[in-house]
Amino acid sequence: MSSSIVRKSTQSLKSETSSKNTSIISVMDTQSYGSSTTPDGTTSPKSFRHFLNERSLKRQPSLIRELTKQFATAGPGTIFVAGGLPNPDLFPYTSLSLQVDENTSINLSGQELRAALQYQPTMGHPVLHEELLKLVKQHFPPPHWDNTGLIVTVGSQNALSGMLEIILENGDPIVIPGPCYSSALSIMDPYSPTYLSVPEDSDGMQPDALRSVLQKWYGTNSPTTQVNGKVKNDFKRPKILYVNPTGANPSGIVIPTERKKEIYRITQEYDLLILEDDPYYFLHFLQQNPTTFLSMDVDGRVIRFDSFSKVLSSGLRVGFATGPKDLIRSLELYLQASILHTASLSQVVVNGTLRNWGTDGFRKHMESVKAFYKKRRDLMLAAAEKHLTGLAEWTTPKAGMFLWLKIRGVDDTFNMVMERGIQRKIIALPGREFMADKSKPCPYIRLSYSVLPEDQIEQGISRLAELIRDEQKRNQK
């Protein structure tokens, strides 16, 4: 590597690690912290670096990882003696062939295979990183493309976990939908947060309820409230709104565009980051792809999480996060110190698949995936109509893999599912798992139609109906 590249990299690291913005800016101070307007009338993005927690602000870049990133895109003839890369001549693998479909195969050998088995930059294998930028630009480009960063991660869960780790402090309030994806709660729970749970209807998180929840939280604790002439220092402002907008797990809702716009306006008013966790985006049953929060993000307040787990392979463990460059950079530093990077071989397989398919091939595959799950959904709905009418309530899932049932005459489904259901050879998931307060009774259960053989769907629903009837009788005694 040339000395000029090393000097440039070292200087940028020194500059970055010395600039730590730890100021707390009032959510009401829109004059000093609003988006500015450029001469052409467009709105410039804001900076949300002040939302990072103290641990994240202290984290410094790994020089080895930074130089690995430089080397990955360096010109021919660059000599790299900085990193501890294992010698690929010692790798015992000489070739790899993977049949994707009848028309597509991935064949790796020589230098291509070496790259697939070697360390890669934390941001992702450069060729896949480039391919994913194209995908984002085609499907849900943000207004401020020049301020957008992307990082490849170990599924979307890794990205979500990392982003929460670099933002949350103990006791923080967090805005979530009710019900909420259980694994997101598992990440947040150790911080002992105050969950500001916003109820859903058939179109997802309700804007009026969101505003009401926030108004109630601020109340007399508003940042502008003064005690003895001083602003109160112990009030914790919510920083994050977490949302699962397409095929929400567990409810299966898809938030419509106009409702998303209204939610976005409220996050502007209360200065919230939106964590758009959207692994089911390409698994919806609508005529058109949903509008994303990222594509309407004029402020740079949305971090979006995507995954190939549901549409290519869950075992590959490849996802990506997209959002404002400064926050993606902070996520990169976190991942530098934890996983180093997503598995290179998995990234090469995903890249090879996308490049071989092209835009049309990817679209055709998505259509076949959606058609498969829609058929399973319809079979489960038909079985529910036949066996659960009068026993449960539900809405039609518009995306995803799940049917969310409210059981009538049963205040809490936990023991019904976990004890008596297993005895009857029907295993579902009790709704309590998706609630912020798991100590309260919950009448819901979640069913999955993703892997259940078609000829077992009606039998499973029939067993569930028998279980519910017995539970209702038990409760009447």
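Data block above holds the structure.
Conventions adopted
- Here the residue numbering is sequential within each chain, running from 1 through the sequence in written order.
- The predicted origin of the model limits local features to residues at a pLDDT of at least 70 and limits the giving and counting of side-chain atom pairs to 80 or more, whereas totals for whole chains, interfaces and linings rest on all residues.
- Excluding hydrogens and water, the side-chain figures rest on all heavy atoms present in the structure.
- Think of it in three bands: residues with accessible area under 20% of the maximum for their type are buried, residues over 50% are exposed, and the middle band is partly exposed, with areas taken using a 1.4 Å probe on protein chains only.
- Secondary structure elements follow DSSP: runs of H or I no shorter than four residues count as helices, runs of E no shorter than two count as strands, and numbering proceeds from the N terminus.
- The pairing criterion for strands is at least two bridges between them, as found by DSSP.
- Throughout, nonpolar core names a set of buried Ala, Val, Leu, Ile, Met, Phe, Trp, Tyr and Cys residues whose side chains join them through atoms within 4.5 Å.
- The contact definition used throughout considers only heavy atoms, calling two residues in contact when any of these lie within 4.5 Å.
- A pair of Phe, Tyr and Trp rings is counted when the ring centres sit within 6.5 Å of each other, with Trp represented by its six-membered ring. The angle between the planes then sorts it: under 30 degrees is stacked, over 60 is edge-to-face, the rest tilted.

> Before we go on, may I ask you to explain the pairing of strand S2 (residues 104-109) in this structure?
Residue alternation in S2 divides its side chains into a buried set, Thr104, Ile106 and Leu108, and an unburied set, Ser105, Asn107 and Ser109. Examined bridge by bridge, strand S1 (residues 95-101) and S2 share six bridges and lie antiparallel to one another. Among the inter-strand pairings, Ser97 is bridged to a residue of S2, identified as Asn107. Between S1 and S2, which pair antiparallel and follow one another directly, the connecting turn spans two residues.

> Mind showing me how you'd approach the nonpolar core here?
Generally speaking, soluble globular proteins have nonpolar side chains that are buried together. In terms of nonpolar packing, the biggest core is built from 75 residues, with Leu210, Leu388, Leu405 and Leu447 touching the most fellow members. With 11 residues, helix H12 (residues 344-387) is the single largest residue contributor to this core. In contact with Leu388, other than residues within four places in its own chain, are Ala383, Trp394, Leu405, Ile461, Leu464, Ala465 and Ile468. Membership of the second largest hydrophobic core comes to 35 residues, among which are Ala159, Leu164, Ile167 and Tyr181.

> So what exactly am I meant to see when it comes to the packing of aromatic side chains here?
Pairs of aromatic rings are described using the distance from one ring centre to the other and the angle between the two planes. The full count for this structure, using the stated rule, is 12 aromatic pairs. Taken together, a centroid distance of 5.3 Å and an interplanar angle of 90° make the contact between Phe140 and Tyr281 edge-to-face. With Phe140 in the loop between helix H6 (126-139) and strand S3 (148-153) and Tyr281 in the loop between strand S10 (273-277) and strand S11 (302-307), this residue pair connects regions lying 141 residues apart in the sequence. As far as the burial class goes, Phe140 and Tyr281 line up, both buried. Look at Phe308 and Phe320: their rings are 5.9 Å apart centre to centre, the planes differ by 40°, and that puts the pair in the tilted class. Of this pair, Phe308 sits in the loop between S11 and strand S12 (319-324) while Phe320 sits in strand S12; the two residues are 12 residues apart in sequence, bridging distant segments of the chain. Note on Phe308: relative accessible area 4%, which makes it buried. Owing to a relative accessible area of 2%, Phe320 belongs among the buried residues under this scheme.

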